[in-house]
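Survey of secondary and tertiary structure
Here's the letter readout for the chains.
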Amino acid sequence: MKIKQYQKISATLIFFFITLVTSAQKLASGPQVLTFHSDVDDTEQPYGLYLPKNYNPKKKYPFVVMLHGAGSNHRLALRRVFGKSNAEGESDVEASRYFPEWKDVDYIVVSSFARGTMGYQGVAEKDVMDMIADAKKRFSIDENRMYLTGLSMGGGGTMWVGLSYPDMWAAIAPVCPAPPAGTLELVPNALNFPVYFFQGDADPAVKVDSTRKWVQRLKDAGTKVEYTEYPGVKHNSWENAYKDEFIFDWFARFQRNPYPERVRFATSQYKHNKSYWVTLDDFTPGTTALIDAKFTAGNSIEISTQGLKAFSLNLQGHRGFKAKKPLTLVINGQTINVNTDGVLTLTESGNAWAVNALNTLTSAKKKGAEGPMTEAIADRHIYVYGTGGSPSVDELNKRRAEAQKAMDWSVYRGDFLGRVMVFPRLLSDKEVRPSDIESSNLILFGTKETNSLIEKFSDKLPMQLKASATDYGLAYVFPVGGHYVLVNSGLPWWTTVAENSPMSRQASPAPMNVLGRFQDFVLFKGTINTVVSGGRFNNDWTLPAKEADKLKAAGVVEFK
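Residues numbered from 1 in each chain as written. Predicted model: local features only at pLDDT ≥ 70, side-chain atom pairs only at ≥ 80, totals over all residues. Heavy atoms only, no water.

With that settled, the discussion passes to the pairing of strand β7 (residues 195-200). Most of β7 is tucked away, with six of its six residues classed as buried. Because side chains alternate across β7, one face comprises the buried residues V195, F197 and Q199, and the other comprises Y196, F198 and G200, equally buried. Of the pairings in the sheet, the one linking strand β6 (residues 171-175) to β7 comprises two bridges and is parallel in character. Residue pairing across strands places V175 opposite F198, the latter belonging to β7. (Buried < 20%, exposed > 50% of the residue type's maximum accessible area, 1.4 Å probe, protein only. Helix = DSSP H or I, 4+ residues; strand = E, 2+ residues; numbered from the N terminus. Pairing = 2+ DSSP bridges.)

Attention now goes to the sheet that holds strand β15 (residues 327-331). With mixed pairing, the five strands of this open sheet are ordered in space as β9-β12-β13-β15-β16. Where the open sheet ends on each side, the last strands, each with one partner, are β9 (262-267) and β16 (334-338). Taken over all neighbouring pairs, the strand axes of this sheet differ in orientation by 15° on average, direction set aside. Pairing of β15 with β16 involves five bridges; the strand directions are antiparallel. Across the sheet, the residue bridging to L327 is V338, located in β16. (Axes fitted to C-alpha atoms, helices over the stretch in contact; angles between N-to-C directions.)

Taking 1.5 Å of rise per residue, the 15 residues of helix α9 (residues 393-407) would be expected to cover 21 Å, and the 21 Å separating its terminal C-alpha atoms lies within 8% of that figure. Every buried residue belonging to α9 is among R399, A403, A406 and M407, and all of these are buried. Seen end-on, α9 carries its buried residues on one side only, within an arc spanning 105°. Among the exposed residues of α9, those pointing more than 90 degrees away from its buried face are V393, D394 and K398. Those residues of α9 hidden inside the fold are in contact with β19 (381-385), β20 (425-428), β21 (441-445) and α12 (511-514). (Expected span 1.5 Å × (residues − 1). Arc of directions from axis to C-beta. Contact = heavy atoms within 4.5 Å.)

Before going further, it helps to spend a moment on the pairing of strand β1 (residues 30-38). Along any regular strand, the residues point their side chains to alternate faces of the sheet. Strand direction decides the pairing type here: β1 and strand β2 (residues 43-51), joined by nine bridges, are antiparallel. Residue V33 lies in a different strand from β2, and its bridge partner there is G48. Linking β1 to β2, which pair antiparallel, is a turn of four residues; within it D42 sits at a positive phi near 55°.

Following this line, the structure appears as structure tokens:
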């Protein structure tokens, strides 16, 4: 009897504690801050969240992603998208400390921190995508009602992220946008969702003429564009654009069609190679490839391509495709009839297209192995200095300091820009563990004589700088074992002027930014203003003949 009573009491207590824990884990409605774990640098990254009242996980909710502007953050951005600017006389620092009350909307809303002010490419882009993935795991989100908006730098990020991942969004809304380099080539991608621009005509930071040109470009490309221009308004047009939760009412008009009749998609990166039912499989990174595929009737698709050697179609689930009937493809005027289950790959050879398996060379450029050098620092990476060659204490400290300068992203840039909050690791070659090699891109400083990891990979790397070439700098990226290795031998890639120059304060611009000046490789003499050779490796990761000749003529590079 006592045993049964004990079991009953135990069961009751267990139920109580489970109920208590479940209750404790339930998030409150309204604005708040969550985090996700970033494998870029093993940090917890914050993002703003708005959870609607009476959130029900059994219901699918529309989802808004908000991107902040320069000098801002996730907390301010969450306020802004709900139309809540700073109170009279209130600074951004003061406004960041609390969330005011606002009208409830039946949306889940997230706002990224994305490391502060660094744009929305590279690590910041990855953070946005990781934030979205985290929110999808936690909450019940309707993937056909996902929307993107942002202001200023975040308006440019809205265009970059929106056009790089066009099959994710039902609509996007850039406010006074400052789009980054590379966005222009993506204009064709805004075919299957509407874009609403907002702009003040007196904006001194983002000129109205720039936004007007973007509006016209998209209209010319057939995008459904809306545009509101505010007379006399400066760089605070978001106060009008987001007033009274307007943006949620506008977004509510649109849903994504995951199987559009037509897909038009441009890219120059394998990391962005898919849109709806089309994947671009073989092209030259750094050069824009374009496909335009349209159903003209049931099981009939007309396709035009530019700069493309192979692509895949996944038509399963598309109402225009029936698996039991032949599929007719007209590719650049060539007709192909094929029986397929809906998943097929097309390859081009000698100006003729054929249904084929994708036989990409193991050495070919592909997603995760395409360059340029900035891709090595766009994900998890470690900076490694060498200890070889019996260096003196001073020499070893110099090597460490050089690598540390590249590693230190979080240099203070003043009250407005603040710091870029990325914290990669710095190790000596002796401290790198097998798990680091397996999980990380490696930024290696030195030569095979001074850095044991450069020596370890020397049979896989295409070239080495001679140890005697002290007035040269060589930097290049190369895929090794499923990750990037970036080698910097001789002078660091950010060398601009001599330390004793009157302009010495300019001698160390942020190395992460300088890297964006180059592509896959660069050899320079003295400073980065005197480039001997540079550019992209061929698609099979060999050197272009013209640049190989320049490197050989310099007499300071050894080849594998």
